Amino acid sequence: MATITELEVGRVVGAPLDRKEDAALLTGQAKFVDDMSLPGMVWMAVVRSPYAHARIAMVNVDGALAHRGVIAAFSGDELADEWQASLPCAWLPTEDTAQPNHRPLAVDEARYVGDGVAVVIAESRSEARDAAELVQIDYDPLPTVIDAEKALEDGSPLVHEEFGTNRCYTWNLATGEVDEEFAKADVTVKERYRQQRLIPNAIEPRGVIVQPFPATGELTMWSSTQVPHIARVTLSMVTGVPEAKLRVVAPAVGGGFGSKLNVYAEEALALVLARRLGRPIKWIEQRSEGYQSTTHGRDQIQEIELAATSEGKIRAVRAKLTVNFGAYLQLVTAGTPLLGAWLYSGAYDVAAYDFECTGVFTNTTPTDAYRGAGRPEATYAIERAVDALARKLGKDPLEIRRLNFLREFPATIASGLTVDSGDYDAHLDAALEILDHDDIRRQQSERRERGDTKQVGIGFSTYLEMCGLAPSRVLGAIRYGAGGWDAATIRFLPTGTVQVLIGTSPHGQSHVTTFSQIVAERLGIPYDDVEVLHGDTAVAPLGMDTYGSRSLTVGGVAAYHAAERIIDKARKIAAHQLEVGEDELEYENGTFSGNGNSLTTKELALQAWTAHNLPDGMEPGLEASFVYDPPNFSWPSGTHIAVVEVDTETGDVDLIRYVAVDDVGSVINPRVVEGQIHGGVAQGIAQALWEEAVYDEDGNLVTGSMMNYMVPSAAELPSYELGRTETPSPTNPLGVKGVGETGTIASTAAVMNAVVDALVPFGVTDLDMPATPERVWRALEEART
Amino acid sequence: MLALSFSLCRKELAVGQVSITVNGAEHILELEPRELLVYVLRERLGLTGTNVGCDTSSCGACTVLLDGESVKSCTLLGVQVDGHEITTIEGLATNGTMHPVQEAFHEQHGLQCGYCTPGFIMAAVSLLDETPNPSEEEIRHALEGNLCRCTGYQNIVRAVQAAAGVEV
């Protein structure tokens, strides 16, 4: 690995630099929310409903109040007046979207196991938890509905009586002559897939601390969140705390994966109770509590149909989703499946397109964004359907893919959006080379011929995704409640070091490292002279935070443009002091030269600070901000290949190879990019093979802790074989595309296609996730009989 | 009034006195029997580098060394380690120089959000102490009790290999 001393100043973009984030994390000095305490701080515990649906007949907190150390306890009813608005839902996709009033504590009715019903405040963590057990609640259980399709049936129990239905909305997107294409198609395939419910499992549980300043009405919140800026805006609306009095800080945050892209009841409760009691309040989630109270992911039934010619040219795609939203709409619950709405035609050139999504309420924990949010689901459906088409036509799945690839860029896809750049043959070729495709196919044939009990399967996923949320106008057009811009401020300090204030909020993504590289290179200063500050609304008040692989393609580009503004101003000062025209100045690696003299950006920073000799009318200081609203999404693509060995006697699936070749545009730090892909791939593999959140009919979460929800360890996962191709994005000056979610988006389909590929000779093509030994064994048994 | 009832309760809970050596320093502590070692470290001693990621001894974020061997500190009571030596992530560097395993995690990009990292490092230190030249397979199995959601484990495995002197 290159170290900074080996690198020239001005040549740091693209280098695999060591991370600046590491030192604090490696030595235990990083401060996560639970690592902080404040004088006079008290603890909050939430009492949660053990019923999936019940009328709350009575709440009596007297028992809790009598417990030692307890300061206060409240029912939902007693706090009802604190709320100025429902907990936020930032995306209501249709005019008639049913939005329930989501209070931080339930009043009258609890609607899922884990719904908050009462809250206890005590001097210590254990006293708060002990006393929470002493709150008496009488519940009248009500009928429950867990399954989204059943919830749409006539006569289903209703999660929210007032809507008269469990349907939240139905949303459509159609282009081209879909019915005609299906009518004249040589061949059609119709598939039904299940996206099981997943639990995100960021290793740091959620937590919040609120410090009130009663004299001024100010409140500071430290939260384990991906979205401090969005939390500040929305919590101000929920609690009535004026936005200007509210500061939100995301300190070190231990992973998110979408589960912390939310604004939660506990944040609102801690705020209003700190305000009410005048003491700092802390709440830290217990893991099994979080399994009920932190959003889940996926949970869709997908129906996909392809219309194609006999050669395998896909003419039309129809996709229909039924999505389980759970009991309430969290921040982007309703919009999450729609992030995939444009992608059900995959990386393929298709003439006609019809997508429909119905969101449904059930008595379960709300679902929301989980790494990839909508795009892993879309990719899974189209990539499995393409394999089904290949089987129906008796053709090689790669031949079908190549026949249908988008090839002219920018490309308008069937759903109407424009793909920036790509070369899909290039990453497919590169992946096949790494794999040694012919050799693997030979091994597969040999095992098939000799009836080996360990069959080999090879699965492909040639994905296309859209990320980097994104043009604010587009988001507005699809009724998202916020913009898609992001902001950066660069401040040259008089001694020549630089602060970069960014509006994105990292929780593992290496923004400090990556943004330092961008700024150091543009300003021609050492990498170590750049400090990146983030995740604090008092330090960097403008920002849209981190999710949807947006931080580099939006925030990183904002930092680039802010650096350009710094250079523009520095050039004016240099021209003035060197007595040459601005046009006559050369700028390279932080030095302006002209007229036989030169000045560095560092020297100019001091000049701007003393302000003794600036052009007439120029403001002192060398500082610039930029708010960047991208003109398009970014469109990463790639080929992922999984090779599995399936034991046909036990149903056990062993993932023996995993090849990933991604095109994420230009790369700022290849090490960081590689790490993002590794982690994403692992999560997608885990959906295919192991993870599933299971409810019983009464709405109890059967997989209620890490003991029975299978988060994979190092022992289950292979080493990944990575390659990279590069088509820079023409829509931003860095040429970058998102990388945070590509691994998850691509890998689930590749693995399931590999499992099915191994089972085809046995007549098994219909297989749900996760492909556990039991599920595979049962499918084989069924096919045998 | 509050203070009085508090002290009465403490008496009922049969507080036990223990002596624990943590990162080389001896601490005499009065502990409630139910206090988990991880909270003794974090909340009594202020050593917050050891993290808590679950409540079922599944994730390994709280891994520390007990007399040189890795244990999950959420699975032990404070009173159980009376007379023993504990090493936490804060005690691993010597004179400001990181332990080779810490250094290897840095060089191999074996961490992203870093929350699971102290636990992984302690588990890896213990592994390499027992098995100085582990195979990739042995590393993966030895780290089975630690969960990471960011890295997909590949660079963690590489880091342990690098710390063991394997060319990676």
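Here the structure is a predicted model, which is why all the values come from computation and not from measurement.

**Observations concerning the overall build of chain B**
Helices and strands together make up the secondary structure of chain B, namely 6 helices and 5 strands. When the elements of chain B are put in sequence order from the N terminus, they spell out α-β-β-α-β-β-β-α-α-α-α. The buried share of chain B, taken over its 168 residues, is 54%. Considering only residue pairs separated by 6 or more positions, chain B has 55% of its internal contacts joining residues 24 or more positions apart. Summed over all atoms, the accessible surface of chain B reaches about 7000 Å², with 51% contributed by carbon and sulfur. For chain B, the centre of its 9 positive side-chain charges and the centre of its 21 negative side-chain charges are spaced 10 Å apart.

**Description of the domain arrangement of chain A**
Residues and elements named next belong to chain A. What the domain assignment reports for chain A is domain 1 (4-30 + 485-628) and domain 2 (420-467 + 635-785). At the junction of domain 1 and domain 2, the tally comes to 0 salt bridges. Listed by contribution, the elements that provide at least two residues to the side of domain 1 that touches domain 2 are α15 (511-523) and α16 (551-578). The residue inventory of the side of domain 1 that touches domain 2, partitioned by class, reads 10 nonpolar, 12 polar and 1 charged.

**Things to note about the sheet that holds strand β6 (residues 136-141) of chain A**
With antiparallel pairing, the 3 strands of this open sheet are ordered in space as β4-β2-β6 (chain A). Single-partner strands in this sheet number two, and they are β4 (109-110) and β6 of chain A.

**Things to note about the sheet that holds strand β5 (residues 85-87) of chain B**
Across a sheet, paired strands are connected by hydrogen bonds in the backbone, their directions being either parallel or antiparallel. Residues and elements named next belong to chain B. Read from one edge to the other, the open sheet built from 5 strands follows the order β2-β1-β5-β3-β4, with strand pairing classed as mixed. A single partner strand is all that each edge strand has here, and the edge strands are β2 (25-31) and β4 (69-72). Across the sheet, the axes of successive neighbouring strands diverge by a mean angle of 40 degrees, strand direction being ignored. Here helix α2 (residues 37-44) sits on the sheet and contacts β1 (16-22), β2, β3 (63-66) and β5; the angle it forms with β2, its principal contact strand, is near 110 degrees. Packing of helix α4 (residues 117-130) onto the sheet brings it into contact with β3, β4 and β5, and relative to β3 it is tilted by some 40 degrees.

**Section: the domain arrangement of chain B**
It is common to give the size of an interface as the accessible area that goes away when the parts come together. Residues and elements named next belong to chain B. We note that the domain assignment places domain 1 (2-91) and domain 2 (100-163) within chain B. On a C-alpha basis, the centres of domain 1 and domain 2 stand 24 Å from each other. Contacts between the two partners involve 18 residues from domain 1 and, on the opposite side, 14 residues from domain 2. Taken as a group, N51, T63 and I89 account for 38% of the area that domain 1 buries against domain 2, more than any other trio of residues on that side. Only β3 and β4 provide two or more residues apiece to the side of domain 1 that touches domain 2. In the side of domain 1 that touches domain 2, the residues fall into 6 nonpolar, 10 polar and 2 charged.

**Looking at a negative patch on the surface**
A cluster of like negative charges, contributed by B:D67, B:E69, B:E85, B:D129 and B:E130, occupies part of the molecular surface. With respect to the helices and strands, B:E85 occurs in strand β5.

**A short note on the pairing of strand β15 (residues 352-361) of chain A**
The side chains of a regular strand alternate between both faces of the sheet. Residue and element names in this part refer to chain A. β15 sits mainly inside the fold: 8 of its 10 residues count as buried. Relative to β15, strand β7 (residues 167-175) runs antiparallel, the two sharing 8 bridges. Along β15, the bridge assignment pairs Y169 with G359.

**A closer look at α2(B)**
Owing to its 3.6 residues per turn, the α-helix aligns residues three or four sequence positions apart on the same side. With 6 of its 8 residues buried, α2(B) lies for the most part within the structure. Those residues of α2(B) that fall on the buried side of the exposure criterion are B:L37, B:V38, B:Y39, B:V40, B:L41 and B:R42. In this structure, the buried side of α2(B) is in contact with α4 (125-132) of chain A together with β1, β2, β3 and β5 of chain B. B:G46 sits one or two positions beyond α2(B) and adopts a positive phi of about 70 degrees.

**Observations concerning the pattern of salt bridges**
Summed over the entire model, instances satisfying the criterion amount to 58 salt bridges over all chains. A salt bridge links B:R158 to A:E674; the nearest nitrogen and oxygen atoms lie 3.2 Å apart. In this pair, B:R158 is assigned in helix α6 (residues 154-163) and A:E674 in helix α18 (residues 670-689), connecting two distinct chains. Classification of B:R158 as buried rests on a relative accessible area of 19%. For B:E136, the salt bridge identified is with B:R140, shortest N-O distance 2.8 Å. One end of the pair is B:E136 and the other is B:R140, both in helix α5 (residues 136-142) and 4 residues apart, which spans about a single turn.

**A few points about the interface of chain B and chain A**
Contacts between the two partners involve 51 residues from chain B and, on the opposite side, 60 residues from chain A. When the two sides are added together, the surface that chain B and chain A hide from each other amounts to roughly 4500 Å², 53% of it contributed by carbon and sulfur. Three residues stand out in chain B for area buried against chain A, namely B:H109, B:Y115 and B:R149, and they jointly supply 18% of the buried area on that side. In this assembly, chain B and chain A are joined by 6 salt bridges. Between A:R125 and B:E43 there is a salt bridge, with the nearest N and O atoms lying 2.4 Å from each other. If you look at where chain B meets chain A, you find 28 residue pairs in polar contact (both at pLDDT 80 or more). Contributions of two or more residues to the side of chain B that touches chain A are made by α1 (2-12), α2, α3 (100-107), α4, α5 and α6 of chain B.

**Quick look at the environment of B:A142**
Within the secondary structure layout, B:A142 lies in helix α5. Separated by 16 residues in sequence, B:A142 and B:S126 place their C-alpha atoms 9.5 Å apart.

**Looking at the environment of A:V238**
Residue and element names in this part refer to chain A. As for its position among the elements, V238 is in helix α7 (residues 228-239). Residue V238 is classed as buried on the basis of its relative accessible area, which comes to 1%. It is 9.4 Å that separates the C-alpha atoms of V238 and P104, two residues lying 134 residues apart in sequence. Not counting the four nearest positions on each side in its chain, V238 is found in contact with E82, W83, Q84, A85, S86, L87, P88 and A268.

**Some points on the state of the cysteines**
A complete count under the given rule lists 0 disulfides over all chains for this structure. Sulfur of A:C168: no disulfide; nearest cysteine sulfur belongs to A:C89 and is 7.5 Å away.

**Topic: unusual backbone geometry**
Cis geometry is adopted by the peptide bond preceding A:P410, which originates at A:F409 and carries an omega value of -5 degrees. Within the element layout of this structure, A:P410 appears in the loop between α11 (397-404) and β16 (411-412). The omega torsion of the bond from A:M769 to A:P770 falls at -10 degrees, within 30 degrees of zero and hence cis. Of note, A:P770 is situated in the loop between α19 (742-759) and α20 (773-784). Not every positive phi belongs to a glycine, and A:E579 is a case in point at roughly 60 degrees. When you line up the elements, A:E579 lands in the loop between α16 and β22 (586-588). We classify A:E579 as exposed; its relative accessible area is 69%. The phi dihedral of B:N95 falls on the positive side, at around 50 degrees, and the residue is not glycine. Take B:N95: it is sitting in the loop between β5 and α3. The exposure class of B:N95 is exposed, given its relative accessible area of 84%.

The rules behind each value
Residues numbered from 1 in each chain as written. Chains lettered and ligands numbered in written order. Predicted model: local features only at pLDDT ≥ 70, side-chain atom pairs only at ≥ 80, totals over all residues. Heavy atoms only, no water. Helix = DSSP H or I, 4+ residues; strand = E, 2+ residues; numbered from the N terminus. Buried < 20%, exposed > 50% of the residue type's maximum accessible area, 1.4 Å probe, protein only. Contact = heavy atoms within 4.5 Å. Areas by Shrake-Rupley, 256 points an atom, 1.4 Å probe, with all protein chains shown as cover. Lys, Arg positive; Asp, Glu negative; His and termini not counted. Charge placed at Lys NZ, Arg CZ, Asp CG, Glu CD. Domains from an automatic or database assignment. Salt bridge = Lys/Arg side-chain N within 4 Å of Asp/Glu carboxyl O. Nonpolar A, V, L, I, M, F, W, Y, C, P; charged D, E, K, R; others polar. Pairing = 2+ DSSP bridges. Axes fitted to C-alpha atoms, helices over the stretch in contact; angles between N-to-C directions. Buried area = accessible area lost by both parts, 1.4 Å probe. Patch = residues over 30% accessible without salt bridge, like charges linked within 9 Å, V, L, I, M, F, W, Y side chains within 5 Å. Polar contact = N/O pair within 3.5 Å; in protein donor to acceptor, adjacent residues only side chain to side chain. Disulfide = S-S within 2.5 Å.

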